[in-house]
Amino acid sequence: VQLQASGGGLVQAGGSLTLSCAASGRTFSTYHMAWFRQAPGKEREFVAATARSGGNSYYADSVKGRFTISRDNAKSTVYLQMNSLKPEDTAVYSCAAKPSYRTGNYYDREDYGYWGQGTQVTVSS
């Protein structure tokens, strides 16, 4: 599966952005999807994940209550709605996919075999 992320940009603290990640192929619904982010000088970290059906979602503590992950299997797209953005949310955001037979933890980046190119999110104070 190939992934294409979009929707990043510059926003003031307290603002909102919605990221999109479009997947190619006809088997999108068989993949668990996630968003990770990487700030300058830091390791890539887990942000949110959604199961292949969209029924279960998981969030990093730092974004819980502010970010919402969702997916539209008919459009082969996963979204990340980001509200109440903070300067510390500034990072390159990447979407990732793993086949449903991969049963590792959702927050484990090593378990994801497919990655999008990333989109920059900058939150000004």
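Higher on the page you've got the structure.
Residues numbered from 1 in each chain as written. Predicted model: local features only at pLDDT ≥ 70, side-chain atom pairs only at ≥ 80, totals over all residues. Heavy atoms only, no water.

Considering the packing of aromatic side chains
Here's step 1: Going through the model one piece at a time under the given rule, you end up with six aromatic pairs.
Here's step 2: For the ring pair F36 and W115, a centre distance of 5.1 Å and an interplane angle of 55° mean the geometry is tilted. Taken together, the residues span a long stretch of sequence, with F36 in strand 4 (residues 31–38) and W115 in strand 10 (residues 114–115) at a distance of 79 residues.
Here's step 3: In this structure F36 comes out as buried when scored by relative accessible area, which is 1%.
Here's step 4: A relative accessible area of 28% places W115 in the partly exposed class.
Here's step 5: For the ring pair Y112 and W115, a centre distance of 6.4 Å and an interplane angle of 65° mean the geometry is edge-to-face.
Here's step 6: Between the NZ or CZ atom of R44 and the centre of the ring of W115, over which it lies, the distance is 4.2 Å.
Here's step 7: A cation over an aromatic ring shows up here: R71 above the ring of F28, its NZ or CZ 4.5 Å from the ring centre. (Phe/Tyr/Trp six-rings, centres within 6.5 Å; stacked < 30°, edge-to-face > 60°. Helix = DSSP H or I, 4+ residues; strand = E, 2+ residues; numbered from the N terminus. Buried < 20%, exposed > 50% of the residue type's maximum accessible area, 1.4 Å probe, protein only. Lys NZ or Arg CZ within 6 Å of the ring centre and 35° of its normal.)

Remarks on the sheet that holds strand 7 (residues 67–72)
Here's step 1: Read from one edge of the open sheet, four strands run 1-3-8-7, paired in antiparallel fashion. Looking along the sheet, the strands with just one partner apiece sit at the ends: strand 1 (3–6) and strand 7. In this sheet, adjacent strand axes meet at a mean angle of 15° when their direction is disregarded.
Here's step 2: Relative to strand 8 (residues 77–82), strand 7 runs antiparallel, the two being bridged by six bridges. Bridging from a neighbouring strand, R71 pairs with V78 of strand 8. (Pairing = 2+ DSSP bridges. Axes fitted to C-alpha atoms, helices over the stretch in contact; angles between N-to-C directions.)

Considerations on the side chain of T50
Here's step 1: Structurally, T50 can be placed in strand 5 (residues 45–50).
Here's step 2: Filtering out sequence-adjacent residues up to four positions away, T50 remains in contact with H32, M33, N56, S57, I69, R71 and V78. (Contact = heavy atoms within 4.5 Å.)

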